[in-house]
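Here are the chains, one letter per residue:
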Amino acid sequence: MRLSTVILPVHRWGEGRKLWRRAEELGFHAAYTYDHLSWQSFRDEPWFGALPTLTAAATATERIRLGTLVTNPNFRHPVTLAKELITLDDVSGGRLTVGIGAGGTGFDAQVLGHEEWSPKERADRFGEFVPLLDALLRRDATTRDGRYYAAVEARNIPGCVQRPRVPFCVAATGPRGLRLAARYGQGWVTCGDPADPDVPAERAPGVVAAQLAKLTAACEAEGRDAASLDRLLLQGFTGERPLDSLDAFVQWAGIYRELGITELVVHWPIPDSRFAADLAVFERIATEGLAQLG
């Protein structure tokens, strides 16, 4: 099991640089950030762009993996996104992981002025978005004409540092998304029950266990061993409180290790938010938590 963190892009870079460097010093496997234009309670607070932030983080660090958790079609197009990801993979020396999801409702879903997509259209778009992004990142030139997304001789030379392309970590809980994860993902990510962001702590492991069972079935349908996928759990969206103490983290991590989660992702503390936590406890968890599992 690996331990990673999410650093939200809420800090001016003079302060943000220190956090990304500290994440590397603490030994986190990866440091991710959200790819939103703003998000929930932070909508009227500072919020910076994900890919420029990750590019800056790539120049400020040397070893830690970096990534989006997650990017989505709400305001992205595969052609332009692919060019930026190839550039970021190059700047980071092949340390990029691309978390990708179908996107949700709310601010990002309507900021460009279009009507909010129905669940079916969102799934349809995601079903085009992922295969096209996959092709763009693998090929020197790509042409594709889809219902929602097209590419006409889109050039991506020299391609990714990581071959055949940067790894995808697909966020999905429904059948169509899970099939995409099984077909295109090097990893899969969940934050729990998307229909109930505050699922009680006692129910949370069961929700993830059911999702893992569906992921295994999707992999079997694709002729793939589910064990070949990394399985990430993003903390912070259930009633569980693993960052309250080292003991609480160890208990929480042990439960999910037994279920088959291979990477835990905890939010870097932000005071006066849903991600508030004691920084000293957080850093102790980072350095000692997984070792306590035995």
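Heads up: the structure comes first, above all this text.
On a predicted model such as this, the values are computed, not experimentally measured, just so you know. (Residues numbered from 1 in each chain as written. Predicted model: local features only at pLDDT ≥ 70, side-chain atom pairs only at ≥ 80, totals over all residues. Heavy atoms only, no water.)

Peer 1: Any chance you could explain the side chain of Asp134 here in plain terms?
Peer 2: Residue position: Asp134 is located in helix H5 (residues 119-138). You can call Asp134 buried: its relative accessible area is 10%. A polar contact is formed between the side chain of Asp134 and the side chain of Arg138, at a distance of 2.7 Å. (Helix = DSSP H or I, 4+ residues; strand = E, 2+ residues; numbered from the N terminus. Buried < 20%, exposed > 50% of the residue type's maximum accessible area, 1.4 Å probe, protein only. Polar contact = N/O pair within 3.5 Å; in protein donor to acceptor, adjacent residues only side chain to side chain.)

Peer 1: Teacher, can you tell me more about the environment of Thr105 here?
Peer 2: With respect to the helices and strands, Thr105 occurs in the loop between strand E4 (96-100) and helix H4 (107-110). What makes Thr105 exposed here is its relative accessible area of 59%. Counting along the chain gives 14 residues from Thr105 to Pro119, while the straight-line C-alpha distance between them is 9.6 Å.

Peer 1: Please explain the environment of Gly192 as it appears in this structure.
Peer 2: Its place among the elements puts Gly192 in the loop between strand E8 (187-190) and helix H7 (204-221). It is 17 Å that separates the C-alpha atoms of Gly192 and Ser4, two residues lying 188 residues apart in sequence. Residue contacts for Gly192: discarding those within four places in its chain leaves Thr173, Val207, Val208 and Gln211. (Contact = heavy atoms within 4.5 Å.)

Peer 1: I would appreciate a short explanation of the layout of surface pockets in the present structure.
Peer 2: Remark: the empty space left among the atoms is shown by a probe the size of a water molecule rolled over them. Of the volumes computed, that of the largest pocket is approximately 1300 Å³. Taken together, 41 residues form the lining of the largest pocket, with Gly103, Gly104, Thr105, Cys191 and Pro194 sitting closest to its centre. Listing elements by their share of the lining of the largest pocket, those giving two or more residues are strand E3 (65-71), H4, H5, helix H6 (175-184) and E8. When residues in the lining of the largest pocket are grouped by element, the largest group, 5 residues, is from H5. Partitioned by chemical class, the residues of the lining of the largest pocket number 20 nonpolar, 16 polar and 5 charged. Estimated volume of the second largest pocket: approximately 290 Å³. If you trace the second largest pocket, you find 16 residues lining it, with Gln235, Glu240, Arg241, Arg274 and Ala276 closest to the centre. (1 Å grid on protein atoms, 1.4 Å probe; cavity = no way out; pocket = protein on both sides within 12 Å on 5 of 7 lines; lining within 4 Å. Points joined across faces, edges and corners; volume = space filled by probe spheres on them. Nonpolar A, V, L, I, M, F, W, Y, C, P; charged D, E, K, R; others polar.)

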